[in-house]
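Architecture at a glance
These are the residues of each chain, in order.
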Amino acid sequence: MSFTETLRVALRALAANKLRAILTMLGIIIGVAAVIALMSIGRGVERFVTAEFQGIGSNLLFVFPGGPDTQGPPRPGRAREKPLTNDDVAFLADSARVPGVAAVAAEFVGFSLVEYSRENTSVQISGVSLNYLDVRQFAIADGEFFTENDVRAAARVAVLGQTVVKRLFPGGEFPIGQTVKINQVPFKVVGTLASKGGGLFGDQDNVVMIPISTAQQRVFNARTANGRLAVSVIYLQAQDANELDRVATQVTEALRDFRGITFRDEDDFTVITQQDLISSFGEVTGALTLFLGLIAGISLLVGGIGIMNIMLVSVTERTREIGLRKALGAKRRDVLSQFLVEATALALLGGLIGIAIGAAVGWSITLLQPDLPVAVTPDSVLLATGVSLAIGLFFGLYPAYRAARLNPIEALRYE
């Protein structure tokens, strides 16, 4: 019997019991739809996270105070909590110390109540260096950024994020030139930031930027125990995106030497690259996708068992038919292929329906959340199709083998 004839007979047999065929495919449909949707969402989350980290700047390294092991009771050689200071910033800004660094920016972060007239809002106050906008890829919407003289004089000038503008000036008043109070200290608004929106790092527009010297000396107490001015984080922009790890090693070695850390002691600071952050989030989303994928795999397993069960029932119901076909000359491989094609057709058709449903779920999520670029990729479709085909072959093999082994005489006498 040709494959075309075998396929025609198999499809006719499935069409004779449409409801049973649909119910049998249900497990495969749910499982494949879940796999497609999860893979699509996982890829979308990965792209979203990558875009978020690229939005904070390009080729970035972050230097934070405190080593990677600063928790728990003191022990010999463990990194002590030691803040970063302006001296560290000046040291790293020297191109002779770390040749792979193109730019260095510093930030001192605090939180305060910002007031204007009768309006007020609690907001992040970022004391930043002059080149912060370029390194972090912020832009000015109106007005201007503060100047080098402002930083040198610790001037009381401020640049507002769009969320702060909306909260302090709900009537639409032009904020440039107005005076706001930060921690009860009056500041002149000299500019507003272009909107960056929300994301993994919260609302990036809910910020007020002031000169770092002003934040350290006028608004917050940024003095360390030895009288130096602390910074919260140092941003370094590498010259080459492919050299981030090498530059991170250079920064670590240079800072260890500058801060007098011996080879036996651990770092009292932490250097993280932009790629490290992306990889960390990727591992989390990957693990979550894998866990949910295993749950979807259980549904596929249940669907495969359902196919085997129905095919065994079908063999029992069609015992006389099998006996008649064998008596008329059908070979064992003909019967085997017929039932195997039926099982595979069930699984494959269920898989195709599942792919369509999974794709629809992914596209629906994109419509509801445009920032999440969910997309059904060809590899996920091929994987789902291959899995469906494998399930049909695996779980249909035993019923098909059992049908092929039936004795024609006993089959004809079966009631």
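Up top you'll find the structure we're talking about.
Now for a quick tour of the structure. (Residues numbered from 1 in each chain as written. Predicted model: local features only at pLDDT ≥ 70, side-chain atom pairs only at ≥ 80, totals over all residues. Heavy atoms only, no water.)

1. So, helix 3 (residues 86-93)
- Turning to helix 3, its buried residues are Asp88, Val89, Phe91 and Leu92. Buried positions in helix 3, seen along its axis, are confined to an arc of 165° and lie on one side of it.
- Structurally, helix 3 contributes buried residues whose contacts are with strand 2 (84-85), strand 3 (101-116), strand 12 (230-231), strand 13 (233-238) and helix 8 (244-258). (Buried < 20%, exposed > 50% of the residue type's maximum accessible area, 1.4 Å probe, protein only. Helix = DSSP H or I, 4+ residues; strand = E, 2+ residues; numbered from the N terminus. Arc of directions from axis to C-beta. Contact = heavy atoms within 4.5 Å.)

2. Some words on the pairing of strand 11 (residues 207-211)
- Counted residue by residue, strand 11 has five buried out of five residues, so it is predominantly covered.
- For strand 6 (residues 157-160) and strand 11, the ladder comprises two bridges, and the chain directions are antiparallel. What sits directly across from Val159, in strand 11, is Met209. (Pairing = 2+ DSSP bridges.)

3. Observations regarding the packing of helix 3 against helix 8
- Here helix 3 crosses helix 8 at 130°, and the two axes come no closer than 11 Å. It follows that helix 3 is oblique to helix 8 by the angle criterion. Relative to helix 8, the crossing made by helix 3 is right-handed. On the side of helix 3, the interface is formed by Asp87, Asp88, Phe91 and Leu92, while helix 8 contributes Val251, Ala254, Leu255 and Phe258. (Axes fitted to C-alpha atoms, helices over the stretch in contact; angles between N-to-C directions. Parallel < 35°, antiparallel > 145°, perpendicular 65-115°, else oblique. Left-handed = near helix turned anticlockwise from the far one by under 90°.)

4. Remarks on the environment of Leu23
- By the element assignment, Leu23 lies in helix 2 (residues 18-55).
- The spatial distance from the C-alpha of Leu23 to the C-alpha of Gly303 is 9.6 Å, given a sequence separation of 280 residues.

5. Section: the side chain of Thr163
- Counting through the fold element by element, Thr163 comes out in helix 6 (residues 162-168).
- Aside from chain neighbours lying at most four places away, what touches Thr163 is Asp203, Asp205 and Asn206.

6. Re a nonpolar patch on the surface
- There is a patch of nonpolar side chains on the surface, built from Leu349, Leu352, Ile353, Ile357 and Val361 and spanning about 390 Å² of accessible area.
- Mapped onto the fold, Leu352 is located in helix 11 (residues 332-368). (Patch = residues over 30% accessible without salt bridge, like charges linked within 9 Å, V, L, I, M, F, W, Y side chains within 5 Å. Areas by Shrake-Rupley, 256 points an atom, 1.4 Å probe, with all protein chains shown as cover. Salt bridge = Lys/Arg side-chain N within 4 Å of Asp/Glu carboxyl O.)

7. A closer look at the side chain of Asp268
- The residue Asp268 is located in the loop between helix 8 and strand 14 (269-273) in this model.
- Within the structure, Asp268 has its side chain in polar contact with the side chain of Arg259 (distance 2.9 Å). (Polar contact = N/O pair within 3.5 Å; in protein donor to acceptor, adjacent residues only side chain to side chain.)

8. Re the pattern of salt bridges
- Under the defined criterion, the tally for this structure stands at seven salt bridges.
- Asp88 serves as the salt-bridge partner of Arg259, at 2.7 Å between the closest nitrogen and oxygen. Taken together, the residues span a long stretch of sequence, with Arg259 in the loop between helix 8 and strand 14 and Asp88 in helix 3 at a distance of 171 residues. For the pair Arg259 and Asp88, a shared accessibility class is recorded, and that class is buried.
- Between Glu243 and Arg246 there is a salt bridge, and its shortest N-O distance comes to 2.6 Å.
- On the basis of relative accessibility, which here comes to 27%, the residue Glu243 falls in the partly exposed class.

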